[in-house]
Amino acid sequence: MHEATAHARAKRLANPRELIYNKTIPFKGAYSLSSRPIGVFDSGVGGISVLRSMRALLPDERIIYYGDNLNAPYGTRPEEEILALTLASVEALLARDVKALVIACNTATSAAVHELRARLTLPIIGMEPALKPAALASSGGSILVMATPATLRQKKFQELMRQYGDRAEMVPCPGLMEFVERGEIDSPALDEYLKDRFAPFDNVDAIVLGCTHYVFLRRAIRRAMPGALLFDGNEGTARRLQDVLGAENLLNSEGPGSVEFITTGDPDVFMPIIRM
């Protein structure tokens, strides 16, 4: 299914927060049936890496994946614009009667998750860079946190740095997620990009993949920084979803599990990329 209206809706908003009062948002208690689908949202294809962890842990669940490829990347946009685009995408998933939301995008989580949780009653699971497990596993060297500029400047991430970032270095990576969006996960241009980003650092113990897109680039990142442990938040997010659904009596144990993909971009471009 191809949905090209989310961007237009977001642009029309004088105040992005108006979107959360849309009539498509149901009353409290409407998400009580475990057979309803889980909505997963990302600014593009990066959240597919989270989806895979969810499917491994929750194979009986129905999942709707919504990729806002038309408006990717989010990570170099102003916060208000990220919020508006995220809310437009969430509205589209709410219209599909989802029982829970997974914001499978670190940038969108930082910009919008507090607003969404303040206004909606259904479970909302967000992402954050896996700095805590990296700090606990590191043996004393540096920890590099690769993320979009928008994620790194958000208060949510700055608080994470205050708690666990004594040896962490922020590595903003504008343009890196676009490699994944065009299916370029192993190329000389990608190797050169990573070489340039890692050049200032040595004695690196761990690298935090602070964008779900970067998980697809593990092989290239290992090649550029051999010996460093790589950390991402995908499995932790899937486990958190499982715990929350269980606590809310929303787990679907009967199946059959399924995945439906929606993109605001070109399906002919999107579908081959999600099979990477």
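Each remark here, short or long, concerns the structure printed above.
This one's a predicted model, so the numbers in the text were calculated from it and none came from an experiment. (Residues numbered from 1 in each chain as written. Predicted model: local features only at pLDDT ≥ 70, side-chain atom pairs only at ≥ 80, totals over all residues. Heavy atoms only, no water.)

Student: I'm lost on the packing of aromatic side chains in this one. Help?
Tutor: Within a pair of aromatic rings, the relevant descriptors are the distance that separates the centres and the angle that separates the planes. In this structure the tally under the stated criterion is three aromatic pairs. Directly above the ring of Phe179 sits Arg182, whose terminal nitrogen or CZ lies 4.6 Å from the centroid. (Phe/Tyr/Trp six-rings, centres within 6.5 Å; stacked < 30°, edge-to-face > 60°. Lys NZ or Arg CZ within 6 Å of the ring centre and 35° of its normal.)

Student: Help me understand the layout of surface pockets in this model?
Tutor: A water-sized probe, rolled over the atoms, reveals where empty space remains. One number sums up the size of the largest pocket: a volume of about 440 Å³. Taken together, 22 residues make up the lining of the largest pocket; nearest its centre are Gly126, Met127, Glu128, Lys156 and Thr237. With four residues, helix H11 (residues 234-247) is the single largest residue contributor to the lining of the largest pocket. Here the residues of the lining of the largest pocket are counted per class, giving 11 nonpolar, five polar and six charged. (1 Å grid on protein atoms, 1.4 Å probe; cavity = no way out; pocket = protein on both sides within 12 Å on 5 of 7 lines; lining within 4 Å. Points joined across faces, edges and corners; volume = space filled by probe spheres on them. Helix = DSSP H or I, 4+ residues; strand = E, 2+ residues; numbered from the N terminus. Nonpolar A, V, L, I, M, F, W, Y, C, P; charged D, E, K, R; others polar.)

Student: I would appreciate a short explanation of unusual backbone geometry in the present structure.
Tutor: Outside of glycine, negative phi angles account for most residues, and trans bonds account for most peptide bonds. Pro73 follows Ala72 through a cis peptide bond whose omega is 5°. Here Pro73 shows up in the loop between strand S2 (62-67) and helix H3 (79-94). Residue Pro256 is reached from Gly255 by a cis peptide bond, and omega for that bond is -5°. Even without a glycine there, the phi angle at Asn203 is positive, about 50°. Relative to the elements of secondary structure, Asn203 occurs in the loop between helix H9 (188-198) and strand S7 (204-209).

Student: Any chance you could explain the sheet that holds S7 here in plain terms?
Tutor: Strand pairing in a sheet relies on backbone hydrogen bonds, with the paired strands running either antiparallel or parallel. Sheet architecture is open: four strands sit in the order S6-S5-S7-S8, paired in parallel fashion. Since the sheet does not close on itself, it has two edges, and those belong to strand S6 (168-172) and strand S8 (229-231), each with one partner. The sheet shows a mean angle of 25° between the axes of neighbouring strands, taken without regard to direction. Contacting strand S5 (142-147), S6 and S7, H9 crosses the sheet at an angle of about 130° to S5. (Pairing = 2+ DSSP bridges. Axes fitted to C-alpha atoms, helices over the stretch in contact; angles between N-to-C directions. Contact = heavy atoms within 4.5 Å.)

Student: Can you walk me through H11 in this structure?
Tutor: Each α-helix turn comprises 3.6 residues. Residues three or four places apart therefore point the same way. Compared with an ideal rise of 1.5 Å per residue, which puts 14 residues at 20 Å, H11 spans 20 Å between its outermost C-alpha atoms and is within 8% of the ideal. All buried positions along H11 are accounted for by Asn234, Thr237, Ala238, Leu241, Val244 and Leu245. Angularly, the buried residues of H11 cover 130° about the axis, an arc narrow enough to put them on a single face. Looking at H11, the residues exposed on the side facing more than 90 degrees away from the buried face are Glu235 and Ala247. (Expected span 1.5 Å × (residues − 1). Buried < 20%, exposed > 50% of the residue type's maximum accessible area, 1.4 Å probe, protein only. Arc of directions from axis to C-beta.)

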